[in-house]
Amino acid sequence: MRLLVRHGINGKEELAIQVAGTALVGWDIMTELAWRLNLESPFQIILYLNSTAAMLSPVRAISSHMTSTDLEICYLVQNLQVPTAEHYQSVVTALYEKDVVELCHLLGQGLDLTWLTPDGVHTSTLLALAIFRDNDPDAYAYQASRDLRFPRPGVSLTHLLIQALADPNILPPKQQPTTMLELAVELGSSRLVQLLLEAGATVNPEVSVVPPLMIAALHRHRGNAQLLRPSRPVASCAYCFSV
């Protein structure tokens, strides 16, 4: 089966994909288009079926819409918008309920999480909550299946906020703030630490009282210590244990 992706206004073909047994979802197309078009966020992409104009979810399998050999999808690019207090509360609820589907819907409105204080609240709270909820053992509101697939399973909430431009180095408005990387290391989650490092989290921020690598060493989290340690031993890493 062949999947064509065209611009919704000028009809220009942007992607042609052979779908053969792969669980392709809307998010795959959104991230590819965002990269090709040099957009700030995949959430600037809106996808819909050319035949019915039905909107496509980022986490639903494209194959469920394919009734013939070919399928045409159209896309539009939306501007990012400053989150309102109502947006903020809805995102908090989706994070608390570990509802990846609803979170995608909310962020899909083009929310720009580079804004630190939408209507008096702080975006660091969202990222910290996502880290806590990804780490805790509660089940997600929806489980992955043949027709439902989440990006970065196990850390989807945090990943999606970062894709909506939340800064992995954002600091809570406190006198002695805890960085997001320190929080992930304290929780002992290698997947969260890896995700934040990939997103550009600073390993040795100036505000840290106890560096993340020392936290990993004190808790004997060998996996995190290996992720955080420099490629070559340095004198300041005397607290690193052997991994």
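The paragraphs below set out a description of the structure included in this document. Predicted model, so just to flag it, every value in this text is computed and none were measured.

Here is what the cut-offs are and how they apply
Residues numbered from 1 in each chain as written. Predicted model: local features only at pLDDT ≥ 70, side-chain atom pairs only at ≥ 80, totals over all residues. Heavy atoms only, no water. Buried < 20%, exposed > 50% of the residue type's maximum accessible area, 1.4 Å probe, protein only. Helix = DSSP H or I, 4+ residues; strand = E, 2+ residues; numbered from the N terminus. Arc of directions from axis to C-beta. Contact = heavy atoms within 4.5 Å. Core = buried A, V, L, I, M, F, W, Y, C linked by side-chain atoms within 4.5 Å. Pairing = 2+ DSSP bridges. Axes fitted to C-alpha atoms, helices over the stretch in contact; angles between N-to-C directions.

## With respect to helix H1 (residues 26–36)
- Of all the residues in H1, the buried ones are Gly-26, Trp-27, Ile-29, Met-30, Leu-33 and Ala-34. One side of H1 carries all its buried residues, which in axial view fall inside an arc of 160°.
- Where H1 is buried, its residues meet strand S1 (2–7), strand S2 (13–18), strand S3 (45–49), strand S4 (70–77) and helix H5 (156–163).
- Of the residues flanking the end of H1, it is Asn-38, one or two places downstream, whose phi is positive at about 60°.

## With respect to the nonpolar core
- By size, the foremost hydrophobic cluster in this structure holds 64 residues, and its most contacted members are Leu-3, Ile-29, Leu-47, Ile-73, Leu-103, Leu-107 and Leu-161.
- Considering every element that reaches this core, the biggest residue donor is helix H3 (residues 100–107), with six residues.
- Filtering out sequence-adjacent residues up to four positions away, Leu-161 remains in contact with Val-91, Leu-95, Leu-103, Leu-107, Leu-113, Leu-126, Leu-127, Ala-130 and Ala-166.

## Observations concerning unusual backbone geometry
- Even without a glycine there, the phi angle at Lys-98 is positive, about 55°.
- The residue Lys-98 is located in the loop between helix H2 (85–96) and H3 in this model.
- Judged by its relative accessible area of 1%, Lys-98 is buried.
- You will see that Leu-165, though not glycine, has its phi angle at about 80°, which is positive.
- Looking at the element boundaries, Leu-165 is found in the loop between H5 and helix H6 (180–187).
- On the basis of relative accessibility, which here comes to 17%, the residue Leu-165 falls in the buried class.

## A few points about the sheet that holds S2
- Sheet architecture is open: four strands sit in the order S2-S1-S4-S3, paired in mixed fashion. Lying at the two open borders of the sheet, with one neighbouring strand each, are S2 and S3. Averaged over all neighbouring strand pairs, the angle between strand axes comes to 25°, with direction disregarded.
- Of the pairings in the sheet, the one linking S1 to S2 comprises five bridges and is antiparallel in character. Within the sheet, the bridge partner assigned to Val-5 lies in S2 and is Leu-15.
- Together, S1, S2, S3 and S4 form the strand contacts of H1, whose direction differs from that of S3 by roughly 130°.

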